[in-house]
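# An overview of the molecular structure
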Amino acid sequence: MLQIESKFSLKYLFFLILCSGALSILTFTTQAQSSSTNSQKNPVNKDTVVIGSRSDTSSKIAKVDTVKLKISKDSIPAQVDYEAMDSMVLDVDSKKILLFGKTQVKYEDVVLNAPLIEYDQQTQYVYAKMNRDSTGKVEGMAKLKQAESTTVSDSIRFNFKSQKGMTYASFFQQSDFFNFAEKVKKADAETFFASKGRFTTCNLDTPHFAFRFSKAKFINKKLVVTGPVHPEFEDVPIPIYLPFGIFPMQKGRQSGILPPQFTVNENFGLGLEGLGYYRAINDYVDAKVWFDVYSYGSWRANFSPTYRKKYRYNGTFNFSLQNTKFAFKNDPDYSKNKSFFVTWTHSMDSKARPGVSFNASVNAGSSKFLRLVPNGALVNPGFTGNVSGAGNYSQPMNFTNQLNSTISYQKTWQGTPFNLGVNLSHNQNTSTKIVNLNLPDISFVMNTIYPFQPKESVGQSKWYEKLGIGYNGNYRGQVTFYDTAFKFRQLIDTFQWGATHNVPIILSLPALGPLQVAPNISFKERWFAQKFYRKWNTITNKLDTTIEKGFYAAREMTMGFSFSTALFGSYQAKKQTAAIQAIRHVMRPVFSLNYKPDLMKPFYSLQQVNQRGDKVQMSVFDGSLFGPFSAERYGGIGFGIDNNLEMKARVKSDTGEAEIKKIKLLDGFGISGGYNLLADSFNLSTMSIYARSSLFDKINITANASLDPYKVNPVTGYRINQYAWQGSKFNLGRIVNGNINISTSLQSKKKDDKKSLVSKISQDENLTNDQIQQQLDYVRRNPAEFTDFSIPWTLSLSYSLSFTKLLQRDYTYKNELTSSVTFNGDFSLTPKWKIGANGYYDLNTMKVQSLTTFISRDLHCWQLSINVTPVGVYKFFNISISPKSGILRDLKINRTRYFYTQ
């Protein structure tokens, strides 16, 4: 027996093995014959080497040099590499090698590590086992890695030739499963069998929960099939046994049954929601069908196929049919309703056909459908990463009274200025049940061209070469009907159409010093299908309307000059240590001269609108699709100014050192208006005022308003030709409409830079844009299930104020003011506990209109979430305990109850 201490040379070891086996079978023969004059008696064999010319027979020499090496029956096709940090024992007689210490054996894609390894060359078996020191502490485990499968065991027996083996007391991971088995039999690189074991998604040595089985078959990254299986928590078995279990481990889209969710609804009774089946038809198409059923007789059926072709297009279709019953039959509160809803989204990759795009976003159905859907009841099952279809209806959707759809086709001819757009759109008011369909809406655009500009410019351009002309045309057809009283004849009676044409002519002149001068001419024409004649009826005391159908046209022409420049002002601090180092102010004034002849005079008239005799100027084209041009000629000036304010301040950086930082004080602030020199009254136009700022990169402020400089009649509310600042009290004017929005988002510093869930969903290439929005919507509605415990706190606040004067049907004005605050925040009481809330507060009624609160508890491999909505039309609570792993997401304990007021 040969014993080699410490680390040895692998080449030397193989040389010893080769020499010991080759001595018995290696034959070396060299035969030489002297030259013979009789070649026939001594013929040259096949291994003869002839030296010299053919005529020189005396130079013939016969030489045989042959090596015959027989391959041993117990050999393997590849080389075995092994090493040991402690020592190695080579038994030549029994052809065994023993490795001690930190050892490693490599063969093809198999890597074996263990404190003790024995390799038998005759049987091609390798034995590995763990080792303990004198105190009983484990020094190392036997570890076998083949392909992407890794097993850590007490002992391992593996055959290099057959690729089969047996392991004992083994730990191994498959996808998100952490597995343990007392005995594992490896059939091949991808398949093995286990007995008396457990699997779990908890990565602790002693897991919080697991599923116990007596026997199981594992197919790497595909599935686990077990015999009788039951769960256990904290090593306590739960008496819930299944005769067998099938647990898919393959990532991506997988066909299968969608498990239902139990719920309780005050109006619908007990229910199962989300029971269905998902089918991955092929790499491009999948489909899902699921049902919601309730004990009072209500049900909902949903069908949602999706399709995709990478770098070409993707889309989702969803059809939902709903039969709603409140209470039981013969009950005083009994009522029923049938409704449906259809959604379709389609998007085309911009690289599929350059210059062509086709997109669709359809949301249409019965007006009562969304109002009768409990909050979250139609959330698509299978949110864990499988492709989800449309049909996510959240609480905000229950309050939605406007539905919009668009199907658009866009075509751009490469190398030309022409663009074509064809759109089909839909608008539906679920409160009034009025549906408007635009069938179709066609636009054709010719971008500005310069007909006098040469193809190859030489020298300085002439002024007339900057003369440009463009075209913008639009045709639209529209039908209107009630969704509860749809008739084909009604579509014909309510069909309207119209068209508009716009031909702008521009000229870019060289700058006159600091001034930029731009003359412009524009011609517009609109086509109408009806005229609306309105006249006060003294008998009925109301305004009657008569419609006259035909083809009518109206035109408008404008021309003018505009002048613009930029003015800069700055302040520079004298001291370098000053807190404010510099302030920069930019003003961009605009001044224009414009003229427009009155081409609309024949189409306007004064009509009485009430019994007091008040008259309003009306056009016969009021109520048409594109509306009339403005009345009266215009010859005046236009003015406006935009301001930008920035400063440089000395602030402390994260390292504590001072640095110069650029801070925006005002992103924009300005006012614009005009004065008509040719008008006989109301010469000054309404002023538009706007402001926007992002203070300290934390507070976003946007505001705009329209200021009317004229007074109004206190009785009728109509304008009078008198400026607001005339009289005893000074006043700049009346704000006829405006809004202010202030928002901010604050959060503590993250503990790590892990990518957020929202970012991961948004960047998932396997999902369409519609599916991304649906999953983000699910996250927003169930914040407790997706809590980020690495952020101790977050807070988002938004304030909105809106004011407008609305013209009523009786031609009087009504002021409408809305003011609200929305909030969203959460706070981590401990690293494991988090509470939060989001809601909507109406300052008009001084009431909370919507409020959702949640509490989350991180249970390591599980998560507890409680969501409660105590305020709002749709009140509900939800308690859910679910594993964090996406594979077992459907294995959640859920309790949900809704409280709905019809």
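Rules used throughout
Residues numbered from 1 in each chain as written. Predicted model: local features only at pLDDT ≥ 70, side-chain atom pairs only at ≥ 80, totals over all residues. Heavy atoms only, no water. Helix = DSSP H or I, 4+ residues; strand = E, 2+ residues; numbered from the N terminus. Areas by Shrake-Rupley, 256 points an atom, 1.4 Å probe, with all protein chains shown as cover. Core = buried A, V, L, I, M, F, W, Y, C linked by side-chain atoms within 4.5 Å. Buried < 20%, exposed > 50% of the residue type's maximum accessible area, 1.4 Å probe, protein only. 1 Å grid on protein atoms, 1.4 Å probe; cavity = no way out; pocket = protein on both sides within 12 Å on 5 of 7 lines; lining within 4 Å. Points joined across faces, edges and corners; volume = space filled by probe spheres on them. Patch = residues over 30% accessible without salt bridge, like charges linked within 9 Å, V, L, I, M, F, W, Y side chains within 5 Å. Salt bridge = Lys/Arg side-chain N within 4 Å of Asp/Glu carboxyl O. Contact = heavy atoms within 4.5 Å. Phe/Tyr/Trp six-rings, centres within 6.5 Å; stacked < 30°, edge-to-face > 60°. Lys NZ or Arg CZ within 6 Å of the ring centre and 35° of its normal.

## A word on the overall build of the chain
Within the chain, the regular secondary structure consists of 5 helices and 55 strands. Carbon and sulfur atoms provide 58% of the accessible area of the chain, an area that totals close to 52,000 Å².

## Regarding the nonpolar core
Among the nonpolar cores identified, the biggest contains 21 residues, and L99, V105, L112, I117 and F160 are the most heavily contacted of them. By size, the runner-up hydrophobic cluster in this structure holds 20 residues, among which are V184, F192, V229 and W862.

## A look at the layout of surface pockets
The computed volume of the second largest pocket comes to approximately 1,300 Å³. Lining the second largest pocket are 38 residues, and of these Q617, A631, E632, F682 and R719 sit closest to its centre. Those elements that place two or more of their residues in the lining of the second largest pocket are β37 (542-564), β39 (580-596), β41 (615-619), β48 (734-747) and β49 (793-807). The element best represented in the lining of the second largest pocket is β41, accounting for 4 residues.

## Re a nonpolar patch on the surface
A surface patch of nonpolar side chains, about 850 Å² in accessible area, is lined by F262, L270, L272, F291, V293, W299, F303, F319, L321 and F340. Relative to the elements of secondary structure, L321 occurs in strand β28 (residues 313-326). Owing to a relative accessible area of 36%, L321 belongs among the partly exposed residues under this scheme.

## So, unusual backbone geometry
In this model, L439 is joined to P440 through a cis peptide bond whose omega is -10°. With respect to the element layout, P440 can be found in strand β33 (residues 434-449). The phi angle at D235 is positive, at roughly 65°, despite the residue not being glycine. As for its position among the elements, D235 is in the loop between β20 (229-233) and β21 (236-237).

## Some details on the environment of I442
Here I442 lies in strand β33. The exposure class of I442 is partly exposed, given its relative accessible area of 30%. Placed 32 residues apart in sequence, I442 and N474 show a C-alpha to C-alpha distance of 5.6 Å. Beyond its immediate sequence surroundings of up to four residues, I442 is in contact with L420, G421, V422, G473, N474 and Y475.

## Thoughts on the packing of aromatic side chains
Summed over the entire model, instances satisfying the criterion amount to 33 aromatic pairs. Taken together, a centroid distance of 5.0 Å and an interplanar angle of 75° make the contact between F682 and Y710 edge-to-face. On the criterion of sequence distance, the pair formed by F682 in the loop between β43 (658-676) and β44 (687-695) and Y710 in strand β46 (residues 710-712) is long-range, its members being 28 residues apart. Residue Y710 is classed as buried on the basis of its relative accessible area of 1%. Measuring from ring centre to ring centre gives 4.9 Å for Y723 and W725, while their planes differ by 5°; the resulting arrangement is stacked. For Y723, a relative accessible area of 19% gives the class buried. The exposure class of W725 is partly exposed, given its relative accessible area of 33%. The rings of F172, F177, F192, F199, F209, F211, F213, F218, F233, F247 and W862 are connected pair by pair, giving a single aromatic cluster. Directly above the aromatic system of W290 lies the positively charged group of K288, at a separation of 5.6 Å from the ring centroid.

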